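Coordinate inspection notes
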Amino acid sequence: MEHENDLIFISIASYRDAQLVPTVVDLITKADAPSLLRFGICWQHGDEVLTLPFAGDPRFRILDIDWRESQGACWARAEVMNLYQGEQWFLQVDSHCRFAQGWDTKLIRIAGQTGSPKPILSTYANPFTPRDADSENREVLAGTPLQMAVETFTDDGIPMLKPLPFPAGEIGAALRARFVSAGFLFAPGSFVREVPYDPELYFFGEEISMTLRSWTSGYDLFHPGETIVWHDYVRAYATRHWEDHDPAKSEKTHTWGELDLRSRGKVIRLFDPVFKPEPFGLGPARTLAEYEAYAGLSFALRKSQDYTRRALEPPNPPAPDDWPDRIYSWIVRVAVTRNDLAPEAFDDAQFWMVAIQDEEGQEIRRRDFTRLELEALTGDESQIVLICEIQSGIVPVSWTVWPCTRSHGWLQRLDGILDESDFSILTDEAA
């Protein structure tokens, strides 16, 4: 291993997850130096699993938590940080992941190649599907590196993020990034002390909160140019925290929606340059305004520059002060013919991915129409109309509709060209 004395503290928050042990086994098996790994695990479980096979291993520090006492993922990540004991590196991953061979050597090497004294390597992981030990099918770990891009802003002003492929020709080298992912984050150990997790965050907004707090604390953000981690996004076997902790099903007094609303309020306060929440506020090394210029975002106006929307590498080129005035809200109408879609697209729909592109084929907006939304749209009409609202300084030109089903996965995609009558600028009066 390149840095033979570099200990890596691995933070794993696991909630009633049958993939915890396979994830840990994969980390150890595929590491070049498994003796240098130190695990901090917040093990939230019930009577279904009473012991862990590595509980007596001195490399492990385990918080044994009854699932009923859990307060959510960010609370669990904060609890794990209390187990940190000064290791040189910090890695945060979810408990349902797989890893590249030699992942530890690769992360340390890539971090060194960035030239930054305080690098963070992070991105959305490629998907994989776990297999049972006796399954005839092997787990498929494939896919090129991904980067993170802004999708849109929620009504309360929080950026929604999405994965995109690496730019052509850039694979292999780390790219500067605008955002960090909570499910895969590698940083110097100082991160634990300088950017401690806020235990009151619940779910949405966790990633932009950690992005702003780490960047303003002097950390430089990068996407690794190699695929390091795979993540199980479907998790059909799993029970989610918000499903268990429902007052209708348990003794909890607050719904997960109420907890999430309170959490989102904390995230939104980070967008106020005057507000200084402690100890989970912005850092002292850089300002919010500097981040907005770097990333090409305006939190106050809930807009992103076209350079940002195209996921071009930051920092953004200097932009005039009035750049938000040149970003328009568009209403786009995508019409598809029912007969062009397979019956499974309706009967077995998980969601439909709808993308709007510019004249260069670059994605301006992606929106996933959920099964419930589709049920309201898919009557007996021969033509189905999907309405998307986008923000862009570039005229929308084309569209893609790609159904994903629960049983058959992705079906055949449809592509089309927008007519001028299919889109219009949403004026302030209309808004």
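Overview of the structure.

About the thresholds
- All residue numbers here refer to positions counted from 1 along the written sequence of the relevant chain.
- Given that this is a predicted model, residues contribute local features only at a pLDDT of at least 70 and side-chain atom pairs are listed and counted only at 80 or more, while totals for whole chains, interfaces and linings are drawn from all residues.
- Just so you know, side-chain values use all the structure's heavy atoms and leave hydrogens and water out.
- We define a nonpolar core as any set of buried Ala, Val, Leu, Ile, Met, Phe, Trp, Tyr and Cys residues linked to one another through side-chain atoms lying within 4.5 Å.
- For every residue, the accessible area (1.4 Å probe, protein chains only) is compared with the maximum for its type, and the residue is labelled buried under 20%, exposed over 50%, or partly exposed between those bounds.
- Labels follow the DSSP assignment, with helices taken as runs of H or I lasting at least four residues and strands as runs of E lasting at least two, numbered in each case from the N terminus.
- Contact between two residues is taken to exist if any of their heavy atoms lie within 4.5 Å; hydrogens are not considered.
- Two strands make a pair as long as DSSP finds a minimum of two bridges between them.
- The axes are straight lines fitted to the C-alpha atoms, using for helices just the contacting stretch, and the angles between their N-to-C directions are given from 0 to 180°.
- Expected span, for any helix, means 1.5 Å times one less than how many residues it has.
- It is the directions from the helix axis to the C-beta atoms that the arc portrays.
- Note on definitions: salt bridges are taken to be side-chain nitrogens of Lys or Arg within 4 Å of carboxyl oxygens of Asp or Glu.

Time to look at the nonpolar core. What tends to happen in soluble globular proteins is that the nonpolar side chains get buried as a cluster. One finds Phe 191, Ile 208, Tyr 291 and Phe 299 to be the most contacted residues of the largest nonpolar core, which totals 45 residues. The greatest single-element share of this core, amounting to six residues, is contributed by helix H2 (residues 73-81). In contact with Tyr 291, not counting residues within four places along its chain, are Arg 178, Phe 179, Ile 208, Thr 211, Leu 212, Trp 215, Leu 297 and Phe 299. Counting residues in hydrophobic clusters, the runner-up holds 31 residues, among them Ala 31, Phe 54, Phe 99 and Val 229.

Right, let's get into unusual backbone geometry. Each neighbour pair has its own omega, and for Pro 314 with Pro 315 the value is 5°, a cis peptide bond. In this fold, Pro 315 is placed in the loop between helix H9 (306-309) and strand E16 (328-337). The backbone of Arg 16 sits at a positive phi, close to 45°, despite the residue not being glycine. Within the fold, Arg 16 resides in the loop between strand E1 (8-15) and helix H1 (20-30). Classification of Arg 16 as partly exposed rests on a relative accessible area of 25%. One non-glycine residue with positive phi stands out, namely Ala 311, at about 60°. With respect to the secondary-structure elements, Ala 311 resides in the loop between H9 and E16.

Here eight strands make up an open sheet; going across it, the order is E3-E2-E1-E4-E11-E6-E12-E10 and the pairing mixed. Looking along the sheet, the strands with just one partner apiece sit at the ends: strand E3 (60-66) and strand E10 (175-176). The sheet contacts of H2 involve E1, strand E2 (37-45), E3 and strand E4 (89-94), and relative to E2 the element is tilted by about 140°.

Pairing in this open sheet of three strands is mixed, and the strands run E5-E13-E7 from one edge to the other. Each edge of the open sheet carries a strand with a single partner, namely strand E5 (97-99) and strand E7 (126-127). Sheet topology places E5 next to strand E13 (residues 229-231); three bridges connect them, and they run antiparallel. From the neighbouring strand, Arg 98 faces E13, where its bridge partner is Trp 230.

Attention shifts here to helix H7 (residues 256-269). Over its 14 residues, H7 extends 20 Å from the first C-alpha to the last, a length consistent with the 20 Å expected when each residue adds 1.5 Å. Inspection of H7 places Asp 260, Ser 263, Arg 264, Lys 266 and Val 267 among the buried residues, and these make up the whole buried set. Summarising the axial view, the buried residues of H7 lie within an arc of 155°, below the 170-degree limit, and thus occupy one face. Residues of H7 that are buried make contact with helix H5 (206-216).

This part takes up the pattern of salt bridges. With the rule as written, the count across this model stands at 27 salt bridges. We note a salt bridge from Arg 310 to Asp 358, for which the minimum N-O separation is 2.7 Å. Within this pair, whereas Arg 310 is found in the loop between H9 and E16, its partner Asp 358 is found in the loop between strand E17 (349-357) and strand E18 (363-370), the two being separated by 48 residues in sequence. Here Arg 310 falls in the partly exposed class, since its relative accessible area comes to 24%. What makes Asp 358 buried here is its relative accessible area of 2%. Between Arg 406 and Asp 348 there is a salt bridge, and its shortest N-O distance comes to 3.5 Å. Remark: Asp 348 occurs in the loop between helix H10 (344-347) and E17 and Arg 406 occurs in the loop between strand E20 (398-405) and strand E21 (409-410); sequence separation between them is 58 residues. Linked by salt bridges that have partners in common, Glu 151, Lys 162, Glu 363 and Arg 365 make up one network.

Time to look at the pairing of E17. Along any regular strand, the residues point their side chains to alternate faces of the sheet. Of all nine residues making up E17, eight are buried, and the element is well covered by its neighbours. When E17 meets E20, the two strands line up antiparallel, connected through eight bridges. If you follow Ala 355 over to E20, its bridge partner there is Thr 400. Sheet topology places E17 next to E18; seven bridges connect them, and they run antiparallel. Counterpart to Ile 356 in the pairing with E18 is Arg 365. If you look at the hairpin formed by E17 and E18, you'll find five residues sitting between the two strands, and Gly 361 has a positive phi there, around 80°.

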